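# Observations on chain architecture
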Amino acid sequence: MKIAIVTGASSGIGKEFVRQVGHFYRTLDEVWVIARRGHRLQELNELSSVPVRILEGDLLHEAVYERMGTMLTEEKPDVRMLVNAAGFGKSGLVETILSDDRDAQLEMVDLNCRALSRITFLCLPFLSKGSRILNMASAAAFSPQPLFTVYAATKAYVLSFSRALGAEQKSRGIYVTAVCPGPVDTEFFRVSGELENPLKKLTKVKASGVVKKALKDSRAGKDISIYGLPMKGAYLASRLLPHRLLAEIMMRFNPRDAKRRL
Ligand SMILES: NC(=O)c1ccc[n+]([C@@H]2O[C@H](COP(=O)([O-])OP(=O)(O)OC[C@H]3O[C@@H](n4cnc5c(N)ncnc54)[C@H](OP(=O)(O)O)[C@@H]3O)[C@@H](O)[C@H]2O)c1
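My aim in this report is to walk through the structure given alongside it, one point at a time. Since the model is a prediction, treat every value here as computed from it, not as a measurement.

A separate point is the nonpolar core. With 46 residues, the main nonpolar core has Ile5 and Leu59 as its most contacted residues. Ranked by the residues each element gives to this core, the list is headed by helix H7 (residues 149-169), at seven residues. Aside from chain neighbours lying at most four places away, what touches Leu59 is Thr7, Ile34, Val64, Tyr65, Ala86, Leu111, Ala115 and Ile119. In terms of nonpolar packing, the next biggest core, distinct from the first, is built from 29 residues, Phe24, Tyr25, Val52 and Val184 among them.

Attention shifts here to a negative patch on the surface. Taken together, the side chains of Asp100, Asp101, Glu107 and Asp110 present a region of like negative charge at the surface. Considering the arrangement of structural elements, one finds Glu107 in helix H6 (residues 104-123).

A separate point is the packing of H6 against H7. Running from amino to carboxyl end, H6 crosses H7 at an angle of 15 degrees, the nearest separation of the two axes being 8 Å. When the interaxial angle is binned, H6 and H7 end up roughly parallel. With respect to the hand of their crossing, H6 and H7 are arranged in right-handed fashion. Residues Gln105, Met108, Val109, Asn112, Cys113, Leu116, Ser117, Thr120 and Phe121 of H6 lie in contact with H7, whose contacting residues are Val150, Tyr151, Thr154, Lys155, Tyr157, Val158, Phe161 and Leu165. Along the lines of polarity and charge, the residues of the contact of H6 with H7 split into 11 nonpolar, five polar and one charged.

This brings us to the packing of aromatic side chains. For the coordinates displayed, the defined rule picks out eight aromatic pairs. A ring pair is formed by Phe24 and Tyr25, whose centres lie 5.1 Å apart and whose planes are at 90 degrees; its orientation type is edge-to-face. Using a relative accessible area of 13% as the deciding quantity, one classes Phe24 as buried. We classify Tyr25 as buried; its relative accessible area is 13%. Over the ring of Tyr65 we find Arg118; its NZ or CZ atom is 4.1 Å from the centre of that ring.

Basis of the calculations
- Residues numbered from 1 in each chain as written.
- Predicted model: local features only at pLDDT ≥ 70, side-chain atom pairs only at ≥ 80, totals over all residues.
- Heavy atoms only, no water.
- Core = buried A, V, L, I, M, F, W, Y, C linked by side-chain atoms within 4.5 Å.
- Buried < 20%, exposed > 50% of the residue type's maximum accessible area, 1.4 Å probe, protein only.
- Helix = DSSP H or I, 4+ residues; strand = E, 2+ residues; numbered from the N terminus.
- Contact = heavy atoms within 4.5 Å.
- Patch = residues over 30% accessible without salt bridge, like charges linked within 9 Å, V, L, I, M, F, W, Y side chains within 5 Å.
- Areas by Shrake-Rupley, 256 points an atom, 1.4 Å probe, with all protein chains shown as cover.
- Salt bridge = Lys/Arg side-chain N within 4 Å of Asp/Glu carboxyl O.
- Lys, Arg positive; Asp, Glu negative; His and termini not counted.
- Charge placed at Lys NZ, Arg CZ, Asp CG, Glu CD.
- Axes fitted to C-alpha atoms, helices over the stretch in contact; angles between N-to-C directions.
- Parallel < 35°, antiparallel > 145°, perpendicular 65-115°, else oblique.
- Left-handed = near helix turned anticlockwise from the far one by under 90°.
- Nonpolar A, V, L, I, M, F, W, Y, C, P; charged D, E, K, R; others polar.
- Phe/Tyr/Trp six-rings, centres within 6.5 Å; stacked < 30°, edge-to-face > 60°.
- Lys NZ or Arg CZ within 6 Å of the ring centre and 35° of its normal.

Function cannot be read off these values alone, since they describe shape.
Below is the structure:
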């Protein structure tokens, strides 16, 4: 049985992957989808061209990994594609987030880094030549981002992890792509806080374009997928300019918390 696995499939970018993946891999038998909101996952049956298998669960808790491990060992599927899209961000000064929601920042690390790695480790033995892993990093991975401090650091982990894993897996014919969009119009901002940075507001894009490009870049064997000219520019700037300078510029561009500190 050939399958794709998509975490964070109940909304935004993960949901869009479920919509597009059946057109990318025409021989898929099933898409296994993971998120906490089961009712949202049920709705994917109408959207997907491939039958959907639902794994409702919280990636911050043990149960979902046990169920997935059992399903993988019993059914021994050929995992053609793994998409790690579950993730969240919280914006604001580190100490403000700490006083609003004491656990949020560690949960960001646990979901964006630990859960992504754990799902990858579970799936690796079931990937075969030509299989693909797409990990949702972010343009926030390119350099340190004050006011998105922990989130940007988790995404730097995802970018580094994906590139190194890709190098290791090359000899198996397995391709790993870190997907690094700028702001995408999804429910993400309900959790992170709405965008106040004028540059970020201007560069917001739709999930469909990001996913289409990610699938194309994965097919081309690229280790990184960056959608749109502004984010390509941001990537270039992050390669050329000192990160200390970029961090200062970002702090000055943020009208809210930053003002209190400048
Ligand atoms: N939107 C952006 O601007 C943007 C830009 C760059 C990168 N990204 C990254 O892209 C990925 C997808 O984000 P999105 O924009 O599509 O946001 P979204 O619409 O909020 O989707 C996030 C997904 O993660 C799932 N999720 C959250 N916590 C979970 C948990 N504890 N266990 C299992 N699933 C969980 C959510 O499902 P449930 O709530 O149902 O569990 C949802 O399906 C994230 O990794 C994000 O960091 C987003």
